[in-house]
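For reference, the chains in residue letters:
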Amino acid sequence: MKKTIKVNELKKEIENLVNFAIQYMKDDEKKLYEHCYNKAICYVNLIEDMCIDYTKPSYHEQYKEIEKWFSDITNEAIYK
């Protein structure tokens, strides 16, 4: 059976995980922080591995956009 990755839904899940992770870090819950943040990183890697077409010349720009987006949501969660 073939599955479809819905990138926008996955991005929303990543944002939620990052927000939970940062809250756990602030609450000094290191294991929960690590679990949520590592899961968010895995989802970002899934997007990078499955949704970027590396045969096209624009792949580098797409990769940089995803990396910047993840850094931005992490920074927003930290400085909220």
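Fair warning: this is a prediction, and the values are worked out from it, not measured in the lab. (Residues numbered from 1 in each chain as written. Predicted model: local features only at pLDDT ≥ 70, side-chain atom pairs only at ≥ 80, totals over all residues. Heavy atoms only, no water.)

> Which residues make up a nonpolar patch on the surface, and what values go with them?
Together, Ile-5, Leu-46 and Met-50 make up a nonpolar patch on the protein surface, roughly 250 Å² of accessible area in all. Within the element layout of this structure, Leu-46 appears in helix H2 (residues 30–51). A relative accessible area of 32% means that Leu-46 is categorised as partly exposed. (Patch = residues over 30% accessible without salt bridge, like charges linked within 9 Å, V, L, I, M, F, W, Y side chains within 5 Å. Areas by Shrake-Rupley, 256 points an atom, 1.4 Å probe, with all protein chains shown as cover. Salt bridge = Lys/Arg side-chain N within 4 Å of Asp/Glu carboxyl O. Helix = DSSP H or I, 4+ residues; strand = E, 2+ residues; numbered from the N terminus. Buried < 20%, exposed > 50% of the residue type's maximum accessible area, 1.4 Å probe, protein only.)

> Would you mind going over the pattern of salt bridges in detail, with residue names and values included?
Applying the stated criterion across every chain, the model contains two salt bridges. We note a salt bridge from Asp-28 to Lys-30, for which the minimum N-O separation is 3.3 Å. The two residues Asp-28 and Lys-30 agree in class, both being exposed. The shortest N-O distance in the salt bridge between Lys-68 and Asp-72 comes to 2.9 Å. On the criterion of helical spacing, the pair formed by Lys-68 and Asp-72 is a turn pair, its members being four residues apart in helix H3 (residues 59–78). Look at Lys-68 and you get exposed, because its relative accessible area is 52%. By relative accessible area, Asp-72 is classed as partly exposed at 31%.

> Go over the state of the cysteines with me, naming the residues and quoting the values.
Throughout the structure, instances matching the rule amount to zero disulfides. In this structure Cys-42 is a free cysteine whose sulfur lies 12 Å from that of Cys-36, the closest cysteine sulfur available. No disulfide involves Cys-51; its sulfur sits 15 Å from the nearest other cysteine sulfur, which is in Cys-42. (Disulfide = S-S within 2.5 Å.)

> Outline unusual backbone geometry, supporting the account with residue identities and numerical values.
For Asp-28, which is not a glycine, the phi torsion comes out positive at approximately 65°. Positionally, Asp-28 belongs in the loop between helix H1 (7–26) and H2. Among the residues examined, Asp-28 registers a relative accessible area of 56% and is labelled exposed.

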